[in-house]
2 protein chains.
Amino acid sequence: MKLATYKDGSRDGQLVVVSRDLSTAHYATGIAAKLQQVLDDWNFLAPQLQDLYDTVNGGKPRHAFPFDPAQCMAPLPRAYQWADGSAYINHVELVRLARNSKVPENYYTEPLMYQGGSDDFLGARDDAPFASEDWGIDFEAEVAVVTGDVPMGSTPEQSLDGIRLLMLANDWSLRHLIPDELAKGFGFFQSKPATAFSPVAVTLDEAGDAWQQGKLNLTVQSQWNGRTVGMCDAGQEMTFHFGQLIAHICKTRNVRAGSIVGSGTVSNRAIEKDGKKEWVKGYSCIAEKRAIETILDGKPSTDYMKFGDTIRIEAKGRDGLSVFGAIEQRVARQGK
Amino acid sequence: MKLATYKDGSRDGQLVVVSRDLSTAHYATGIAAKLQQVLDDWNFLAPQLQDLYDTVNGGKPRHAFPFDPAQCMAPLPRAYQWADGSAYINHVELVRLARNSKVPENYYTEPLMYQGGSDDFLGARDDAPFASEDWGIDFEAEVAVVTGDVPMGSTPEQSLDGIRLLMLANDWSLRHLIPDELAKGFGFFQSKPATAFSPVAVTLDEAGDAWQQGKLNLTVQSQWNGRTVGMCDAGQEMTFHFGQLIAHICKTRNVRAGSIVGSGTVSNRAIEKDGKKEWVKGYSCIAEKRAIETILDGKPSTDYMKFGDTIRIEAKGRDGLSVFGAIEQRVARQGK
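This one's a predicted model, so the numbers in the text were calculated from it and none came from an experiment. (Residues numbered from 1 in each chain as written. Chains lettered and ligands numbered in written order. Predicted model: local features only at pLDDT ≥ 70, side-chain atom pairs only at ≥ 80, totals over all residues. Heavy atoms only, no water.)

**Considerations on the sheet that holds strand β17 (residues 219-224) of chain A**
Residues and elements named next belong to chain A. Cut-off, in case you're wondering: For two strands to pair, DSSP has to find at least two bridges joining them. Strands are runs of DSSP state E lasting at least two residues, helices are runs of H or I lasting at least four, and both sets are numbered from the N terminus onward. Between N-to-C directions, angles span 0 to 180 degrees; the directions come from axes that are lines fitted to C-alpha atoms, helices contributing only their stretch in contact.
Strand order in the open sheet made by the five strands is β8-β23-β22-β17-β18, with mixed pairing throughout. The sheet is open, and its two borders are formed by β8 (128-130) and β18 (227-233), each paired with just one other strand. When the angles between neighbouring strand axes are averaged without regard to direction, this sheet yields 20°. Taken together, the four bridges between strand β22 (residues 310-315) and strand β23 (residues 327-333) define a ladder with antiparallel strand orientation.

What follows is the structure in structure tokens.
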């Protein structure tokens, strides 16, 4: 099933069930008002939502209405956890290669993750507000999962069973704030402003056999100012699958229902063509494009985003239909 | 007023109002069931809770019952944000001095903060479960505040107005996991397991004039296995006050109601006595004791905590009464 959260002026919005083709929606009132409630009590509430979903797909229930992604908050407008990985090691390799630094050995054996802020997410069509263009505004197209309860010490395989929903994320990053923050040793903080999520979150069955052992084998498309810059395969080259990412969190603590876990920037390797490397799949964040430029030309030539720029992130299923709806955001000057 | 969250088998527990002397409690049913609700709608609900608090303090309302800290979850059993600072620069100086590394210049001009996990906090009397003693189990006695909404771009002074509640925190740390994590560059993650909080959270007026411009001028007492190891002044030597910490978060994003912001380990400078340094106030985490030992003797002699060890953290007001109740935890083997 597909679930979204409609804006209603409240902090957590109103849960709606959305038809598979994203054309129609229906309030989940009577079953649950908020998505967090559903995650807190999944086994009881999910089947009831599934029934409503079947009805919405089957015909037009009386209270259905046209689904409008512009009315969506993030599926979880605020969450108790947002832990983001860097699961595509190719991304790390590129960025490191561009600055002539080796990838540490343990990057290949255990996931790199950071804890993100989760008190104030952006909806799929919300403007992304920043005080300054000088911060190095960048998008990051990612896949994310929402979990149930996963107890401390769970294995990657056990952790897979804790995955309830899939989404896309736009993990906004402020690149020029990163070097100073990382130098301080405590990781990202100001360099990671509010993250945005796709209009709908979907259960695993919606991905069909594109969901395999904790990886989503679909193409994540990124369009920057209307131009397609990334057609990246989110599955094959994911170095750590979502079960491994969740198990990494679980090593020393419980992961509780409603936790969001991200894949990090979806990234694909270059292919060799006539002895030259070509990054034919494009990129899911500008930092990676700049890394490639630095490797090829000695310096980056693509600037980061400017006020008014737009970014669109979407993934289509094997049937050609949008699975999550599209994230479509505009970079805005804060307060304007 | 003083607020606590009683265990009732649910994820968020039941909000109770606790008398000033921590002897008596009363369910807040009819006003609000959960503390997050109150923070979401502070101006409407807080006065109603204050009325109940006055009644509880004034006499014995019919449904009052003896307050038992063992029944407490964390005041917010889960939260949308837990951002922890390192606001006592003395702590950083000691740890750096012990490993012969200089404190970076910008540590004195802007706060060091990390984003913590907030989906699964521990109650004040809950065991702290760990899979291994080899992880370097350490307590960290801290002051923490709970905020209302503080918009992006707020100044430190504006941020002070967003502080709703004060608590104590025990920010459990796994010291032997830290070097590898910091070397990876993304900051703490597995090295910061679930944090515990004091039995009650209190409004600023409960601290009386001990609360001054974003600092709590009280002594935070730490007793490890029954022995007092820290009597640290939380006020004077706080390098960055809570308004500055919150403003640091706000630089690139909104801070939303129910965010918890921590001070970092409370830490006081040594005094010079007969030409020798003496750390007369003791320590609020073992890592600091070990840093002092390393500075004095070339190596640490105090081990980290073992299964069965206990830690007690408390702060008394100028009237000699416990402000927050005591955090009293036992280090437990996970699953036992």
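Following the structure, the description resumes.
**Looking at the pattern of salt bridges**
Two side chains carrying opposite charge are able to pair once their charged atoms lie near each other. Definition in use: By convention in these notes, a salt bridge is any Lys or Arg side-chain nitrogen within 4 Å of a carboxyl oxygen on Asp or Glu. Any residue under 20% of the maximum accessible area for its type is buried, any over 50% is exposed, and the rest in between are partly exposed; the area is computed with a 1.4 Å probe on protein chains only.
Enumeration according to the criterion identifies 42 salt bridges over all chains in this entry. Between R78 of chain B and D12 of chain B there is a salt bridge, with the nearest N and O atoms lying 2.9 Å from each other. Taken together, the residues span a long stretch of sequence, with R78 of chain B in the loop between β5 (72-73) and β6 (81-85) and D12 of chain B in the loop between β1 (2-6) and β2 (14-18) at a distance of 66 residues. Note that E314 of chain B and R312 of chain B form a salt bridge whose closest N and O atoms lie 2.6 Å from each other. Assessed through its relative accessible area of 25%, R312 of chain B is described here as partly exposed. Via salt bridges that share partners, R11, D12, K34, R78 and D120 of chain A together with D40, D149 and R256 of chain B belong to a single interconnected network.

**Focus: the pairing of β22 of chain A**
Summarising the sheet, β17 of chain A and β22 of chain A pair through five bridges and their orientation is antiparallel. Bridge assignment links Q223 of chain A to a residue of β22 of chain A, and that residue is R312 of chain A.

**Describing the confidence of the model for chain A**
Defined as follows: Known as pLDDT, the predictor's per-residue confidence is scaled from 0 to 100.
When pLDDT is averaged along chain A, the result is 96, and 100% of the positions lie at 70 or above. For this predicted complex, the interface confidence score (ipTM) comes to 0.97, while the overall pTM stands at 0.98.

**Description of the interface of chain B and chain A**
Our working definition: Throughout, a contact is declared for two residues whenever any of their heavy atoms are within 4.5 Å. Here the buried area means the combined drop in accessible surface, using a 1.4 Å probe, for two parts upon being joined, counting both sides. Residues adjacent in sequence count toward polar contacts only when both atoms are side-chain atoms; beyond that, a polar contact is any pair of N or O atoms within 3.5 Å, and within protein one must be able to donate a hydrogen and the other to accept it.
At the interface, 53 residues of chain B touch 53 residues of chain A. Summed over both sides, the interface of chain B with chain A buries roughly 5100 Å², with 51% coming from carbon and sulfur. If you look at where chain B meets chain A, you find 12 salt bridges. Among the ionic pairs, K184 of chain B bridges to E110 of chain A, the shortest N-O distance being 3.0 Å. Between chain B and chain A we count 33 residue pairs in polar contact (both at pLDDT 80 or more) in total. Contributions of two or more residues to the side of chain B that touches chain A are made by α1 (35-40), β6, β7 (113-116), α5 (178-184) and α6 (242-250) of chain B. Sort the elements by how many residues they give to the side of chain B that touches chain A and β7 of chain B lands first, with four residues.

**A closer look at the state of the cysteines**
Residue and element names in this part refer to chain B. Counted only if it meets this: Criterion for a disulfide: a pair of cysteine sulfur atoms within 2.5 Å.
Per the stated rule, a full pass over the model turns up zero disulfides over all chains. No disulfide involves C232; its sulfur sits 9.2 Å from the nearest other cysteine sulfur, which is in C285. The exposure class of C232 is buried, given its relative accessible area of 0%.

**Structural notes on the domain arrangement of chain A**
Residues and elements named next belong to chain A. As a reminder, the rule being used: Throughout, the edges of the domains are those of an automatic or database domain assignment.
Each assigned domain of chain A is listed here: domain 1 (2-71) and domain 2 (81-333). Contacts between the two partners involve 16 residues from domain 1, matched on the other side by 18 residues from domain 2. In total, domain 1 and domain 2 occlude about 1400 Å² of area from one another, counting both sides; carbon and sulfur atoms represent 61% of this. Together, K2, L39 and W42 form the three largest contributors to the area buried by domain 1 at its contact with domain 2, with a combined 37%. There are two salt bridges connecting domain 1 and domain 2.

**Description of the relation of the copies chain B and chain A**
Condition: Copies are brought into register by a least-squares superposition over C-alpha atoms of residues with pLDDT of at least 70 in both.
Superposing chain B onto chain A requires a rotation of 180° together with a translation of 0.0 Å along the rotation axis, leaving an RMSD of 0.0 Å. The two molecules are tied by a two-fold rotation axis, judged by turn and shift. In terms of proximity to the rotation axis, the leading residue of chain B is G187 of chain B, whose C-alpha is 2.0 Å off the axis.

**Regarding the sheet that holds strand β22 (residues 310-315) of chain B**
Residue and element names in this part refer to chain B. Pairing is mixed in the open sheet, where five strands are placed in the order β8-β23-β22-β17-β18. For this open sheet the edge positions go to β8 (128-130) and β18 (227-233), each flanked by a neighbour on one side alone. On average, each strand axis in the sheet is inclined to that of its neighbour by 20°, with strand direction left out of account. Bridge count between β8 and strand β23 (residues 327-333): three bridges; the pairing is parallel. Residue pairing in the sheet places A128 in a bridge with V331 of β23.

**Points about the packing of aromatic side chains**
Geometry of an aromatic ring pair is reported as the spacing of the ring centres plus the angle between the planes. All names here are of chain B. Here is the rule: In this scheme Phe, Tyr and Trp rings, the latter by its six-membered ring, pair at centre separations within 6.5 Å, and the angle between planes marks the pair as stacked below 30 degrees, edge-to-face above 60, and tilted otherwise.
Applying the stated rule across the entire model yields 25 aromatic pairs over all chains. A centroid spacing of 5.4 Å and a plane angle of 80° characterise the contact between W82 and F197, whose relative ring orientation is edge-to-face. With W82 in strand β6 and F197 in strand β13 (residues 196-197), this residue pair connects regions lying 115 residues apart in the sequence. Just as W82 is buried, F197 falls in that class too. Consider the rings of F121 and F197, whose centres lie 4.8 Å apart with planes at 80°: the pair is edge-to-face. Of this pair, F121 sits in the loop between β7 and β8 while F197 sits in strand β13, and the two are 76 residues apart along the sequence.

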